[in-house]
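# Analysis of the macromolecular model
One-letter residues, chain by chain:
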Amino acid sequence: MKKVFIYPPNSLILTDLVERFGHKPLTLQTIVGGLVRNPEIDSPPMNITDEEPKKGLKYAAVEVPSGVRGRMALIGPLIDAAEAAIIMDDTPIAFGCIGCARTNELTLYLIKRKNIPTLRVRYPRNEEEAEIVVNKIAHFLKSLEENGGNSQN
């Protein structure tokens, strides 16, 4: 079982596909869920501690907008833990977009720099394209178990 980072990192569709093939999806929902349920956090609805902004500094400089650092405090550790990644390009906002262009650019850069097996697919626009995308994802996830995967575009 591999830890697979998915992009957009809050996509329920990609999360489900990764789980169905026996891998662990690395998602924002898991991180945020832990923060929301943490009894030590006493500042709802913010659900952060003093440590969260510091974590973001590992991934983005202090000059970077605080929103990017805050998002990277959550996304960065997921990328660090990833053993593979699935990136879906050209997604509509309702698919799971995190809505911050700079965070998106930094996330994709960090994934590429990590040099892990990565599958990049384009968001399907019709049923035929959807079948092709699901087949590519299935093949990629199966290949992770067979031979450690390989980088694909």
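Now for a look at the structure at hand. From a predicted model like this one, the values you see are computed outputs, not experimental measurements.

## Section: the pattern of salt bridges
All chains considered together, the criterion is met by 6 salt bridges. Of the charged contacts, one joins Lys58 and Asp80 as a salt bridge, the two residues approaching to 3.1 Å between their closest N and O atoms. You can see Lys58 sitting in the loop between helix 3 (51-56) and helix 4 (66-81) and its partner Asp80 sitting in helix 4, a full 22 residues away along the chain. Between Glu105 and Arg102 there is a salt bridge; the shortest N-O distance is 2.8 Å. Residue Glu105 and its partner Arg102 are located together in helix 6 (residues 101-114), separated by 3 residues, close to a single helical turn. Through salt bridges with shared partners, one network takes in Asp90, Arg122 and Glu129.

## With respect to the packing of helix 2 (residues 28-37) against helix 4
As a packed pair, helix 2 and helix 4 sit with axes 10 Å apart at the nearest point and diverge in direction by 125°. With respect to helix 4, the axis of helix 2 lies oblique. Where helix 2 crosses over helix 4, the handedness of that crossing is right-handed. Facing helix 2, whose interface residues are Leu28, Ile31, Val32 and Leu35, helix 4 presents Leu74, Ile75 and Leu78. A per-class count over the contact of helix 2 with helix 4 returns 7 nonpolar, no polar and no charged.

What counts, and at which threshold
- Here, residues in each chain are numbered from 1, in the same order as that chain's written sequence.
- Only residues with pLDDT of 70 or above have their local features reported here, since the model is predicted, and side-chain atom pairs are shown and tallied only from 80 upward, although totals for entire chains, interfaces and linings are computed over all residues.
- Excluded from the side-chain calculations are hydrogens and water; all other atoms, namely the structure's heavy atoms, are used.
- Salt bridge, as used here, is a side-chain nitrogen of Lys or Arg placed within 4 Å of a carboxyl oxygen of Asp or Glu.
- Segments assigned H or I by DSSP are reported as helices when at least four residues long, segments assigned E as strands when at least two residues long, and all are numbered from the N terminus.
- Between N-to-C directions, angles cover 0 to 180 degrees, with each direction set by a line fitted to C-alpha atoms, over the stretch in contact for helices.
- For this classification, under 35 degrees means roughly parallel, over 145 means roughly antiparallel, 65 to 115 means roughly perpendicular, and everything else is oblique.
- Handedness of each helix crossing follows the sense of rotation of the near helix against the far helix: counterclockwise by less than a right angle gives left-handed, clockwise gives right-handed.
- In what follows, a contact means two residues having at least one pair of non-hydrogen atoms within 4.5 Å.
- Each residue is assigned to one class: nonpolar for Ala, Val, Leu, Ile, Met, Phe, Trp, Tyr, Cys and Pro, charged for Asp, Glu, Lys and Arg, and polar for all the others, Gly among them.

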